[in-house]
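So you can see what is in the structure, the chains are spelled out below.
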Amino acid sequence: MIHAAPIIQPTKVIHFSQVSKRYPNGYEALKNVSFEIAEGEMIFLTGHSGAGKSTLLKLIAAIERPNSGSVVVKGQNIATLKAGAIPFLRRNLGLIFQDHKLLFDRSVFDNVILPLQICGFEHRESTKRVRAALDKVGLLKREKSNPITLSGGEQQRLCIARAIVNRPAILLADEPTGNLDSDYANEILSIFKSFNQVGVTLLIATHDENVLQQFSGRTLALVHGSLTPESAAQAITGASNLGNLGKLR
Amino acid sequence: MITGIMDHARVLARTIRHVFHMPVSNALNVLVIGIALSLPTGIYVILKNLERVAGQASSAPQLSLFMSMSASKEAIARIEKQLKQHTAIEMVEFVPRHEAFAQLKLTSGLADVMGSLKENPLPDAFIIHPKLTHSERLEALRDELRTLPHVDHVQLDSAWAHKLGALIKFANLVIWLVSVLLSLALVAITFNTIRLQVLTQRDEIEISKLLGATRAFIQRPFLYFGLLQGLLGGITAWLIITVSMALLNSYLANLTHLFASNFTLQALSANDIMTLLLFSAYLGWLGAWLSVTLHVWRAEIK
């Protein structure tokens, strides 16, 4: 296998080098995974459930740390990152969860404003940004509703609004179309594409064949915690070119 | 900077709303803290008043010098001259035996008994106001005066105040013990309240962490809550003490009227109140901090 030199070029926003992750119960979720993602790429991460997709996303967001190898996100090495620096790394990331992780004790609006409160935004600016994010996902009219009254697709879009309100450079989505029918799934996919067009880097984990058929860019396929040979070949060589191609199409 | 202050103000406002969101359970917590704090504070107030009484008595120590019955007038005059020249003595009062006898007859209500006495049993005496107040030096002075000729007995009158002082010192130690124990109780109450809050807000904490919240951001509302609960508990203790003192004073007014004195309990000073409120607020904060540290951050290390 070929490995990238440990020098990180500025355009590489995510860089995995020989990363392994073993959980305390002995389960080996990732084995020797290496790849790079350049700024502005939109990449799908595929594989069956249990293949290690979620673990890979968790490593990027520093929710888990690798046992060996290095994960570098925006120039910061996750393996050696101090606990106090983790919040500031996460502020560069928009996280979209399969289970949405919404708060049902507050309105749609208050769910979306949370990341801005965390970052200490001024209230008037926050309000403006929250409305813009809700507008983008088509939930502006529901801002006063409780998220529990929203449909599955609407909850997923709410989760997306919360992830983008902070205008992060990188969006990580874990099964964003997981339980949705294909109409909703396409809607969400087109939202993602529009973000990518304005320069956001996206990494989307999915096992949804419909979604993958519509997408022609670079994919990373995981099987039992390792990248497939085809993915591994794509992972390093000319990765950013392929990403650009994906964007052009 | 201004947004930072606004953040704090917003969190504080939310904390206050939170307190009023569950008025009964929070009010009960505050009451428990208030009662716990009012115990040592109450003992402190009583001791402070006792100290004041003891202080008034012992601030002017006296020595009583009794001459022997056989002492001649010349001997007494000599002693008086000697006492007046003594450097450690401020003032000397001579109490002739017949005067003392007459006074005793008047004040003790034992006129009949006294009248039946064939002769005056009281000796001539001096009341001595020394310059010094230190108890060891006073004792030395007493011992020195005892050796003078025709002196039968010398008594240090502040001895009882001295004993009371020792008793107050002991009671102060009791206050400390009670305060430490009840402070621990206060910390424990806040600790537990915050633990329950952390449990009910587990989702919010978890999600906030994922969205990039710092440790300070997450623990701030809990610390404010602990601080506020402690402060309200301190205010409750202050109210309890003030009301109790008012009740006691109205009763004392009747009581002291009978004894023709106007003794009233002295209330907490502004300094005492500040100390009480700061201390209770700090303890509330401490309990919250311990709880958050244990339940939010320790829980993180798997």
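Residues numbered from 1 in each chain as written. Chains lettered and ligands numbered in written order. Predicted model: local features only at pLDDT ≥ 70, side-chain atom pairs only at ≥ 80, totals over all residues. Heavy atoms only, no water.

## Re the environment of Gly138(A)
Tracing the sequence through the fold places Gly138(A) in the loop between helix H4 (123-136) and helix H5 (152-164). On a C-alpha basis, the gap between Gly138(A) and His100(A) in space is 17 Å, while along the polypeptide they are 38 residues apart. (Helix = DSSP H or I, 4+ residues; strand = E, 2+ residues; numbered from the N terminus.)

## Quick notes on the interface of chain B and chain A
Counting from both sides, the interface comprises 15 residues of chain B and, opposite them, 20 residues of chain A. Contact with chain A buries surface across chain B, with Ile207(B), Leu210(B) and Leu211(B) losing the most and accounting together for 40% of the total. At the boundary of chain B and chain A, one finds one salt bridge. Put simply, chain B and chain A have three residue pairs in polar contact (both at pLDDT 80 or more) between them. If you list the elements that add at least two residues to the side of chain B that touches chain A, you get helix H1 (2-21) and helix H8 (202-210) of chain B. Residues that form the side of chain B that touches chain A fall into these classes: five nonpolar, four polar and six charged. (Contact = heavy atoms within 4.5 Å. Buried area = accessible area lost by both parts, 1.4 Å probe. Salt bridge = Lys/Arg side-chain N within 4 Å of Asp/Glu carboxyl O. Polar contact = N/O pair within 3.5 Å; in protein donor to acceptor, adjacent residues only side chain to side chain. Nonpolar A, V, L, I, M, F, W, Y, C, P; charged D, E, K, R; others polar.)

## Things to note about unusual backbone geometry
Residues and elements named next belong to chain A. Look at lysine 74: it is not a glycine, yet its phi comes out positive at around 50°. Residue placement: lysine 74 occurs in the loop between strand E4 (68-73) and strand E5 (76-77). Positive phi, normally seen in glycine, also occurs at histidine 100, with a value near 65°. By relative accessible area, which is 13% here, histidine 100 ends up buried. (Buried < 20%, exposed > 50% of the residue type's maximum accessible area, 1.4 Å probe, protein only.)

## What about H5(A)?
Here H5(A) contains 13 residues, and its C-alpha end-to-end distance of 19 Å stays within 8% of the 18 Å for a straight helix at 1.5 Å per residue. Burial of H5(A) is extensive: twelve of the 13 residues sit out of reach of the surface. By the burial criterion, the buried members of H5(A) are Gly153(A), Glu154(A), Gln155(A), Gln156(A), Arg157(A), Leu158(A), Cys159(A), Ile160(A), Ala161(A), Arg162(A), Ala163(A) and Ile164(A). The secondary structure elements touched by the buried residues of H5(A) are strand E6 (93-96), helix H3 (108-119), H4, strand E7 (170-174) and helix H6 (182-197) of chain A together with H8 of chain B. (Expected span 1.5 Å × (residues − 1).)

## As for the pattern of salt bridges
Tallied over the entire structure, the rule returns 17 salt bridges over all chains. A salt bridge links Glu175(A) to Lys53(A); the nearest nitrogen and oxygen atoms lie 3.6 Å apart. Pair noted here: Glu175(A) is in the loop between E7 and H6 and Lys53(A) is in helix H1 (residues 53-60), with a separation of 122 residues, a long-range link. Here Glu175(A) falls in the buried class, since its relative accessible area comes to 5%. With relative accessibility at 5%, the residue Lys53(A) sits in the buried group. Note that Glu125(A) and Arg129(A) form a salt bridge whose closest N and O atoms lie 3.1 Å from each other. Here Glu125(A) and its partner Arg129(A) are both found in helix H4, four residues apart, which amounts to about one turn of the helix. Owing to a relative accessible area of 25%, Glu125(A) belongs among the partly exposed residues under this scheme. What you see here is one network of salt bridges that share partners, running through Asp105(A), Arg106(A) and Glu204(B).

## Notes on the domain arrangement of chain A
Residue and element names in this part refer to chain A. By domain assignment, chain A separates into domain 1 (1-92 + 169-249) and domain 2 (95-168). The interface is formed by 20 residues belonging to domain 1 together with 19 residues belonging to domain 2. In this structure, the connection of domain 1 to domain 2 is made through one salt bridge. Between glutamate 187 and arginine 157 there is a salt bridge, with its nearest N and O atoms 3.3 Å apart. Only E7 and H6 provide two or more residues apiece to the side of domain 1 that touches domain 2. With seven residues, the single largest contributor to the side of domain 1 that touches domain 2 is H6. (Domains from an automatic or database assignment.)

## Quick notes on the side chain of Arg90(A)
In this structure, Arg90(A) sits in helix H2 (residues 86-90). Overall, the relative accessible area of 10% leaves Arg90(A) in the buried class. Ignoring any residue separated from it by four or fewer positions in sequence, one finds Arg90(A) in contact with Ala61(A), Ala62(A), Ile63(A), Lys209(B), Leu210(B) and Gly212(B).

## A word on empty space enclosed by the protein
Counted according to the given criterion, the structure contains three cavities of 30 Å³ or more. Approximately 220 Å³ is the volume found for the largest cavity. What lines the largest cavity is a set of 16 residues, among which Arg14(B), Glu204(B), Phe217(B), Ile218(B) and Pro221(B) lie closest to the centre. Looking at the lining of the largest cavity, the elements with two or more residues in it are H3 of chain A together with H1, H8 and helix H9 (215-258) of chain B. Residue contributions to the lining of the largest cavity peak at five residues, all from H9(B). In terms of residue class, the lining of the largest cavity is built from seven nonpolar, three polar and six charged. Empty space within the second largest cavity amounts to approximately 50 Å³. (1 Å grid on protein atoms, 1.4 Å probe; cavity = no way out; pocket = protein on both sides within 12 Å on 5 of 7 lines; lining within 4 Å. Points joined across faces, edges and corners; volume = space filled by probe spheres on them.)

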